[in-house]
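One-letter residues, chain by chain:
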Amino acid sequence: MASSPAAVRELQQDLESQANALSKIQKDIAKNHQVRKQYTIQLGENELVLTELELLNENSNVYKLIGPVLVKQDIAEANANVRKRIEYISVELKRLDGTLQDSEDKQNSKKESVLQLQQKIQTLQAGKSKS
């Protein structure tokens, strides 16, 4: 490999693009962690609601907030709605976990390629300074 300034410049540009891609992946991971945190909170809240619904007897009144109005709802219907919500949130959490794993794998491979490029540049610069 030629240790010309053009080769070093080309490697530095490649390094910069790889670093930008790595930065984008890291931002995506942070965003996914934030979304996952929100889903986890919602899951906990819905599980708490389900626990509360199970404590009620069949004669109890359950109300659902629709806009500014409280509407009476059947306990069985409320129970089914909460279970569906829990199921949906659980599926979304699994999907997010898969996405996060893929992003973390991409991040690791980008980190390795950035390190390799840095080593190549250092090698070229070290060879250049010796000559």
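It should be noted that the structure appears before, not after, this text.
As the structure is a prediction and not an experimental result, all values here were calculated from the model.

1. Observations regarding the overall build of the protein chain
Item 1. Of regular secondary structure, the protein chain possesses two helices and two strands.
Item 2. Scanning the protein chain from its N terminus toward the C terminus, one meets helices and strands in the order α-β-β-α.
Item 3. For 131 residues, the compact-globule estimate of 2.2 N^0.38 gives 14 Å, and the C-alpha radius of gyration of the protein chain, at 27 Å, exceeds that figure by more than 25%.
Item 4. Expressed as lengths along the three principal axes of its C-alpha atoms, the size of the protein chain is roughly 90 × 25 × 15 Å.
Item 5. Relative to its 131 residues, the protein chain shows a buried fraction of 25%.
Item 6. For the protein chain, the share of sequence-separated contacts (at least 6 apart) that also reach a separation of at least 24 residues comes to 78%.
Item 7. Accessible area of the protein chain: about 9,600 Å², with a carbon and sulfur share of 52%.
Item 8. Of the charged side chains in the protein chain, 19 are positive and 18 negative, and the gap between their average positions amounts to 9 Å.

2. A short note on the pairing of strand E1 (residues 62-66)
Item 1. Sheet analysis places E1 next to strand E2 (residues 69-73), joined by five bridges and oriented antiparallel. Directly across from Leu65, in E2, lies its bridge partner Leu70.
Item 2. Hairpin connection of E1 to E2: two residues between the antiparallel strands, including Gly67 at a positive phi of 65°.

3. Thoughts on the pattern of salt bridges
Close approach of charged atoms allows side chains of opposite charge to pair.
Item 1. One pass over the structure, following the stated rule, counts four salt bridges.
Item 2. Between Asp97 and Arg36 there is a salt bridge, with the nearest N and O atoms lying 2.5 Å from each other. On the criterion of sequence distance, the pair formed by Asp97 in helix H2 (residues 75-130) and Arg36 in helix H1 (residues 5-55) is long-range, its members being 61 residues apart.
Item 3. Residue class for Asp97 comes out partly exposed when judged on its relative accessible area of 32%.
Item 4. Here Arg36 falls in the partly exposed class, since its relative accessible area comes to 28%.
Item 5. For Arg83, the salt bridge goes to Glu54, with nearest N and O atoms at 3.1 Å. Placement of Arg83 in helix H2 and of Glu54 in helix H1 is noted, with a sequence separation of 29 residues between them.
Item 6. By relative accessible area, which is 43% here, Arg83 ends up partly exposed.

Basis of the calculations
Residues numbered from 1 in each chain as written. Predicted model: local features only at pLDDT ≥ 70, side-chain atom pairs only at ≥ 80, totals over all residues. Heavy atoms only, no water. Helix = DSSP H or I, 4+ residues; strand = E, 2+ residues; numbered from the N terminus. Rg over C-alpha atoms; globule rule 2.2 N^0.38 Å. Buried < 20%, exposed > 50% of the residue type's maximum accessible area, 1.4 Å probe, protein only. Contact = heavy atoms within 4.5 Å. Areas by Shrake-Rupley, 256 points an atom, 1.4 Å probe, with all protein chains shown as cover. Lys, Arg positive; Asp, Glu negative; His and termini not counted. Charge placed at Lys NZ, Arg CZ, Asp CG, Glu CD. Pairing = 2+ DSSP bridges. Salt bridge = Lys/Arg side-chain N within 4 Å of Asp/Glu carboxyl O.

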